[in-house]
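Each chain, written out:
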Amino acid sequence: MTEPLTWFAGRWAMERRLDDRRAGRACTVTGTADFTATDDDDVLAYAEVGTLTGDGQPSAAVERHLTLHDDGAPGVLVRFADGREYVRLELSGGYAEGVHHCAPDTYRITVRVDDDDAWTETWHVTGPAKDYTAVTRYRRRT
């Protein structure tokens, strides 16, 4: 894998399946994820736009915004749009694990690079307020 920020840059098609064990429901988000340059060469902006469908509910537009930072440490530091730290991912081997504690729940992530143009992100979220798994598959758009 090349440098993570360089590798992620561009537009990706994405599809996410959310299995909410607490609610006994499943839904899907399909859309795009753009990793774009910012004024800082060490930061990429992440903008996800998609449509949430499933469980007989009306479809809904969803979006998520993050930033990815090369701060000199191994891997990539992912931050929420407001600057709070989310998770650090060390992807040099094409695989990473991370943990984000959001009291009272815990978010565990794995990221696997499938090939040069695809990767999979899996979140296992557990705690007293949440219990779900979200698997997102990304495919580079040309």
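Our subject is the structure listed above.
Here the residue numbers are simple positions, counted from 1 along each chain's written sequence. In keeping with the predicted nature of the model, local features appear solely for residues at pLDDT of at least 70, side-chain atom pairs appear and are counted solely at 80 or more, and the whole-chain, interface and lining totals rest on all residues. Side-chain numbers here rest on the full set of heavy atoms in the structure, without hydrogens or water.

Enquirer: Where do I start with the overall build of the protein chain in this structure?
Expert: A count of helices and strands for the protein chain gives one helix and 10 strands. Traced from its N-terminal end to its C-terminal end, the protein chain shows the element sequence α-β-β-β-β-β-β-β-β-β-β. Just to be clear, the radius of gyration here is over C-alpha atoms, and the globule rule we use is 2.2 Å times residues to the power 0.38. Expected size for 142 residues packed as a compact globule is a radius of gyration near 14 Å; at 15 Å, the protein chain falls within 12% of this value. Projected onto its principal axes, the C-alpha coordinates of the protein chain cover approximately 40 × 35 × 30 Å. Three labels apply to residues, based on accessible area from a 1.4 Å probe with only protein chains included: buried if under 20% of the type maximum, exposed if over 50%, partly exposed otherwise in between. Taking all 142 residues of the protein chain together, 36% fall into the buried category. Total accessible area on the protein chain is roughly 8,000 Å²; 50% of this is exposed by carbon and sulfur atoms. For the charge count, each Lys or Arg is scored as positive and each Asp or Glu as negative, with His and the chain ends excluded. Charge positions are represented by NZ for Lys, CZ for Arg, CG for Asp and CD for Glu. Of the charged side chains in the protein chain, 17 are positive and 25 negative, and the gap between their average positions amounts to 7 Å. Starting at the N terminus, helices and strands are each numbered in turn, a helix being any DSSP run of H or I of at least four residues and a strand any DSSP run of E of at least two. The Shrake-Rupley method, run with a 1.4 Å probe sphere, supplies the accessible areas, and residue values consider only the shown protein chains as cover.

Enquirer: Would you take a moment to explain the state of the cysteines for this structure?
Expert: The bond known as a disulfide is covalent and runs between the sulfur atoms of two cysteines. Cysteine sulfur atoms are paired as a disulfide whenever they fall within 2.5 Å. Inspection of the entire model under this criterion finds zero disulfides. We note that Cys27 lacks a disulfide partner, and the nearest cysteine sulfur, in Cys102, lies 19 Å from it. When its relative accessible area of 35% is taken as the criterion, Cys102 is described as partly exposed.

Enquirer: Help me understand the packing of aromatic side chains in this model?
Expert: How two aromatic rings sit relative to each other is set out by the distance from centre to centre and by the angle between their planes. Aromatic pairs are defined between Phe, Tyr and Trp rings, using the six-membered ring for Trp, whenever the two ring centres lie within 6.5 Å; interplanar angles under 30 degrees are classed as stacked, those over 60 as edge-to-face, and all others as tilted. Following the criterion strictly, the structure yields 11 aromatic pairs and no others. Between the aromatic rings of Phe8 and Trp119, the centroid separation amounts to 5.1 Å while the plane-to-plane angle is 75 degrees, which identifies the pairing as edge-to-face. Note that Phe8 is positioned in helix α1 (residues 4-8) and Trp119 in strand β9 (residues 118-126), a separation of 111 residues in sequence. Trp119 matches Phe8 in its accessibility class, with the two residues each being buried. Ring centres of Trp119 and Tyr138 lie 3.9 Å apart, and the angle between their planes is 5 degrees; on these two criteria the pair is classed as stacked. Residue Trp119 is found in strand β9, and its partner Tyr138 is found in strand β10 (residues 131-140); the two are separated by 19 residues along the sequence. Here Trp119 matches Tyr138 in class, with each residue buried. Among the aromatic residues, ring-to-ring pairing joins Trp7, Phe8, Trp12, Phe35, Tyr46, Trp119 and Tyr138 into one connected group. Counted as over-ring charges are cases with an Arg CZ or a Lys NZ within 6 Å of the ring centre that also lie within 35 degrees of the ring normal. The side chain of Arg84 reaches across the aromatic face of Phe80, ending 4.3 Å from its centre. Across the ring face of Trp7, the terminal group of Arg140 is positioned such that the distance to the ring centre comes to 5.4 Å.

Enquirer: Looking at this structure, I do not really get the pairing of strand β2 (residues 25-37). What am I missing?
Expert: A pair of strands is treated as paired once DSSP finds two or more bridges between them. The sheet contact formed by strand β1 (residues 10-20) and β2 spans 11 bridges and is antiparallel. Bridge assignment links Met14 to a residue of β2, and that residue is Gly31. What sits between β1 and β2 in their antiparallel hairpin is a turn of four residues, with Gly24 showing a positive phi close to 70 degrees. Alignment of β2 against strand β3 (residues 43-54), held across 10 bridges, turns out to be antiparallel. Counterpart to Thr32 in the pairing with β3 is Val49. Linking β2 to β3, which pair antiparallel, is a turn of five residues.

Enquirer: Any chance you could explain the pattern of salt bridges here in plain terms?
Expert: A side chain with one charge may pair with a side chain of the opposite charge, provided their charged atoms come close. A pairing counts as a salt bridge when a side-chain nitrogen of Lys or Arg comes within 4 Å of a carboxyl oxygen of Asp or Glu. For the coordinates displayed, the defined rule picks out 11 salt bridges. Close ionic contact of Glu48 with Arg16 constitutes a salt bridge, the shortest N to O distance being 2.8 Å. Taken as a pair, Glu48 in strand β3 and Arg16 in strand β1 lie far apart in primary sequence, 32 residues in all. Taken individually, Glu48 and Arg16 each receive the classification buried, so the pair is uniform in this respect. In this structure, Asp114 engages Arg112 in a salt bridge whose closest nitrogen and oxygen atoms are separated by 2.6 Å.

All quantities given are derived from atomic positions and should not be read as evidence of function.
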